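# Coordinates in review
Each chain, written out:
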Amino acid sequence: MSSSRPIWRGRPVKKVTATVVLCVLAAAGCGQSSTKQQNTLRPSGHIARDDFHIFNAFFWVAVAVGVGVTLATLFAAIKFRSRPGNENPVQTHGNTVLEISWTILPALILMVMAVFTVKMIWDQAAKPKGALEITVTGKQWWWEFQYTNVDSSHQVITANELHIPQGVPVWFTLKSDNVIHSFWIPSLAGKKDVMPGRFNHFQLIADKNLATDGHPKEFFGQCVEYCGLSHADMRNRTFVETKHDFDNWYKTQLKPWTPAQFATFATFNKTYQCSSCHYIQGLGADGKYDAKADADVQSGKATVINVGPNLTHLGDRTSFGGASFDLTLDNLTQWVWDAPRHGTGDFGKYNECPKRGKGGTTGVGTPCLVGMPSFKNDPDHPMSKELAGQIAQFLLDTKTKASG
Amino acid sequence: MTTVERAMTTLAPAPPRARLARPTRTSGWTSWFTTIDHKKIGILYGATALVFFVAGGCEALLIRLQLWRPNGTVLTAAMYNQLFTMHGTTMVFLVGMPMAVAFGNYLVPLMIGARDVAFPRINMLGYWVFLFGGIFLYSSFLVGGAPNGGWFGYTPLTSMPYANGFLPSHGPDFWAVGIIMLGIGSVTSGLNFVVTILNMRAPGMTLLRMPVFVWMIFIIAILTVFALPPVTAALIQVYMDRNFHTHFFDAASGGDPLLYQHLFWLFGHPEVYILILPGMGIVSEVLPVFSRKPLFGARVVVFSGIAIGFVGWGVWAHHMLATGIGPAATTGFGIATMAIAVPTGVKIFNWLGTVWGGAIRLKTAMLFALGFIAMFTIGGLSGVMHSIVPSNAQQTDTYFVVAHFHYVLFGGLMFAIFGGLYYWWPKVFGHFLDERLGKINFWTLFVGFNLTFFPMHIVGLQGMPRRTYTYGTGFGWDTLNKLETIGAFIIALSALTLFVNIIVSRVRKVEASADPWDGRTLEWSIPSPAPAYNFLELPEVHAFDDFWHRKYTEDDEGRLVRLPSGGSDGGQHEGDGSNIHLPSPSYWPLVLALGLPIMGYGFVYKNWWTLGVGVFVLMFGITAWTFEPSTAEVDH
Amino acid sequence: MSAVTTDTAVGELGAGADVHGAHATNTGVSHPKLAIWVFLSSEALFFGSFISTYLIFRGRDVAVAKANHTTFLSPKDLYNIPFTSATSFILLMSSLTMVLALAAIQRGDQRRLRIWLAATALFGLTFIAGQVYEFTNFYREGLKLSSGTLGGTFYVMTGLHGAHVTVGIFWLISLWQRSVQGKLGADKSEAVEIAGLYWHFVDIVWIVIFTVIYLVPYK
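Thresholds applied
- Residues numbered from 1 in each chain as written.
- Chains lettered and ligands numbered in written order.
- Predicted model: local features only at pLDDT ≥ 70, side-chain atom pairs only at ≥ 80, totals over all residues.
- Helix = DSSP H or I, 4+ residues; strand = E, 2+ residues; numbered from the N terminus.
- Contact = placed C-beta atoms within 7 Å.
- pLDDT = per-residue confidence, 0-100.
- Nonpolar A, V, L, I, M, F, W, Y, C, P; charged D, E, K, R; others polar.
- Buried ≥ 20, exposed ≤ 12 C-beta atoms within 10 Å, placed from the backbone.
- Pairing = 2+ DSSP bridges.
- Axes fitted to C-alpha atoms, helices over the stretch in contact; angles between N-to-C directions.

## Quick notes on the overall build of chain A
Looking only at helices and strands, chain A has 8 helices and 12 strands in total. Residue pairs at least 24 apart in sequence account for 66% of intrachain contacts in chain A once pairs closer than 6 positions are excluded.

## Topic: the confidence of the model for chain A
All names here are of chain A. Chain-level pLDDT for chain A is 84 on average; 83% of the residues reach the 70-or-more range. Within chain A, helix α1 (residues 15-25) has the poorest average pLDDT of any element, 52, and strand β6 (residues 181-185) the best, 97. Between residues 342-369, whose pLDDT stays under 50, and residues either more than four places distant or in other chains, the model counts 55 contacts.

## Section: unusual backbone geometry
Note the cis peptide between Gln140(A) and Trp141(A), where omega equals 0°. By the element assignment, Trp141(A) lies in the loop between β1 (132-139) and β2 (142-147). Look at the link from Ser528(B) to Pro529(B): it is a cis peptide, with omega at -10°. With respect to the secondary-structure elements, Pro529(B) resides in the loop between α16 (478-508) and α17 (546-551). Of note, the phi angle at Asp397(B) is positive, near 65°, even though the residue is not glycine. For Asp397(B), the location among the structural elements is in the loop between α13 (389-395) and α14 (399-429).

## Regarding the interface of chain B and chain A
Every contact between the two is made by 90 residues of chain B and, on the other side, 85 residues of chain A. Mapped onto the side of chain B that touches chain A, the elements with two or more residues apiece are α5 (77-112), α9 (257-291), α11 (327-355), α12 (364-387), α13, α15 (435-461), α16 and β2 (560-562) of chain B. At 15 residues, the largest contribution of residues to the side of chain B that touches chain A is made by α11(B). Residues of the side of chain B that touches chain A, tallied by class, amount to 49 nonpolar, 31 polar and 10 charged.

## Remarks on the pairing of β2(A)
All names here are of chain A. The buried count for β2 comes to 6 of 6 residues, which makes it a mostly enclosed element. Of the two faces of β2, the one lined by Trp142, Glu144 and Gln146 and the one lined by Trp143, Phe145 and Tyr147 are each fully buried. Here β1 runs beside β2; their pairing, made up of 6 bridges, is antiparallel. Within β2, the residue paired with threonine 135 across the bridge is glutamine 146.

## Section: the sheet that holds strand β3 (residues 157-159) of chain A
All names here are of chain A. Ordered by their spatial adjacency, 5 strands build an open sheet running β3-β2-β1-β5-β8, and the pairing between neighbours is mixed. Each end of this open sheet is capped by a strand with a single partner; those strands are β3 and β8 (200-205). Taken pair by pair, the neighbouring strands of this sheet meet at an average axis angle of 25°, ignoring direction.

Here you go:
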């Protein structure tokens, strides 16, 4: 750390320090490759790096004190062992100079730390200029993202997977209509709680050179405030992209389905009422595209049903189920067919999800319906696995064709 | 007037005297139900807390088994959530606090030269409330689901009405009612300690001549009395929200989930010090004895304890730095938290100063005390890291925090408690715990503990959140989690060693003298095990570490010199104490306390008949308690 | 309700067999009296938490109702301040009779002691009756436990206070009973004093609650 610049500034820390910290801390974890980056020790954004640096600075103080105290204890235990002729040591009762110095010295170290801490608190709390604004809604158990200021009359609503341009500050507004969650992308920024009845904010800036065209950099994160049964499955993925890629992605997320897609969907929806929980962009009362409804939502005039995530562009994502499962035909088929199924692979997770009962006891709209129901065990229309496969395939096919 | 009279006759009848005669047996197994001897109550607290320690430990082992590998299938999410909630609740409310009360109960009167505590019956009431509260909480496993909202039960997750299904079981009701119940027990024992320590010190035992352990108990007693009310209020509000559809924590109707956090941590933070200060007290007794040196800067240690107690009230919101309370508040609470590190550090340095230059005997108790210093230091340092607010934003609610508070509460408190058990066992039971097994106990615990919790720092920084029943592959957490699980089982082995030791030592019965360690405080001046009346003659105290000064003096160079009279016990070993008047045992603490869990079930199931029965039992207990003859009337 | 048990348990100190009043204490204050002071300061924090809750939430449901275009039952229309003032005054007067009871036992006047104890209990009972009447009325007029934040904060806080007054009444009755049995001589005057401390405390809490709920406008 050169003394010319304050350590809390978000510039590359000396590689050496970072490596040493990593190795000391991850001694046991070394040699084990982590393919998914959800790591505060490998910051890839301005805020996360600040957090890491200030941690790092104190970390060494802590190592010095911790090792010092431990060695002193060990040393004393060995050196001052009771030996014949040594049973009656000199009785020291205290030492004022020592007492004062070991009060003042830590206090001084802490004061220095406090100065840096306070500065950083206020720096991070300020809303950055020219930021991309995203509203995050914590649901049980998934995330909804709404891009509010890229183009305020064409706002994208998506779920679980965040796309952001690199090098651009992002300003998050966090809200919840159920319980407390906490939104966190460790490699990019520290966490912030998502509180019902409050709007919390935080910022992050992904580093400039993380991605090239067509090659986004992927980061992982997850909910860090215990929020009920499937708290562990409430994850998120972030794709840091070039400005070009981001703009392209943004455009694709505004495109509604084709009339043919609407028609196919209607056949599934008639029996299983997908759209009573999931938002389908522009879905009209007659099952066809309703341009006005779509425009109202896109301009933020209307709100959407968001018991479950927006399905319109599910095919463009890499995961589903709170970003817990990779988006493959097999996984999705199993999910659609029998999400709460117990004990098989990853799907054991939703094992206590309420059943969809006859007579609307736990039907759509009642608060019990958190998580996907089991359509396989639907009392009125048990779903065949084949049909589940068709629905899954349909959803996968919502993937935007590569347009360049 | 007639109303009053009628109410009076139904509610406060004068029951026949015969039925109210106080029990007289002070030995045999039945006496344990009616005893009001602070020492027996202390043993009851300790034994019960050890049982709950095993329960909480088993929960931890299940948790570790589930996390042995990614996507583990040992437990379901629902079971996992119950287990981590009950693990935390158990260790805090049913192990940590009662253990402090156990040691305090047994030792405080002995250390201040008193024959009992100020309110012996209320003392026993506190124990029964604790026991029944614990059983009440655990009974929830049998009736459809244990608490599953985490040990701090954040609203609105815990407070949303049962029917809304956020936490669809009676678990959170059991939790809210159970913690209120345990709180009642804690407040009674807190009151008892405050009054005992303020009022019942032997002649000459000024406040500053009190042993540091007594000081720490005094501080936590005050903290308990003042910290429990806010959380009781919060839990009543949770209960009302869940069961009567009030809107204390429902943001949509004007309530505020953040209020709960303030009320909870206004209790919860002092609670942390309630847990750790007794550990510091124990260590402050053990270190000087086995170093044969007085506690370095004893007054500073006491005053830093007071400082911690005070500042502890001003830092509660550092548990809430990520909740969006704003930069001004986070600044304030961050700095206050840093400030608390200063008196804590001072203590550590004074302990080092105590052992430095001493004549150290590495008995098991001493090993645990030395282990405490190192482990607690690590826990303290990671605590300071949390006060750095931006750093906190990365660490809070991850395994880093789990590592931190286990270093404080396990590496700190439990190490001290284990040490305390080895140290005071001869005084309590008259025989030693085996030293060889004790050393195995220590070293396995030391290794197991560090193997379990040190890697948690790393996985936490690597982004693993706490309270997640599973994790995926590819995050780089797999190996560390395996190590942690192995460590947890080594800890279990170590705990097993302790229990084996207890049994083996009981069989072998290596008898201990009155003062086996060459102790410094008054409890070592009386026979082992301590007689029912404690002191034949109430001692007269002339100095800090008075008993020590009866045995030793210092020469001109400050070197220790044994006095020729060598350990006069002030006549504590002559006579059988039969002339000493002790309060008689009583049935009513048990009966009174029995009313509480019955009321508890009534509240949980909203069954007003059950509640009525509970209230009746309670009222009956109170009435009988009031009209019970005092011993004086029976004896004289 | 649970809070009540603590009260009573400690309340027992005043008359219970644990009292060794004759023993000198380090502070010069007897065990029970010291305990009740510590206990009451704990209780102050208990009520303080509810009063703070009320103050923090005060008026929030008005805003919620406005936002949702629903009607809000205004406390202004609900409260019958002259009535509550009257019952509050009665409760305050009971503190006076409590003081008279203590004076009586210290003089050794058992007859007056019983009269004043009974009067105190009766005043307390009147207050409780007033509270029951008020609760019933409010409930009928539409203030339910589930009515915004007001319902919960109002009923829970005043209800818990009422429970404390009730405990106090039982306590007074038990003292009265002991006096009748001849077990409450002038040497036991501290038992009355301690009950009195509790009773005054509950009164003071009511003054705060009354001010905060009825006199401070609800926005």
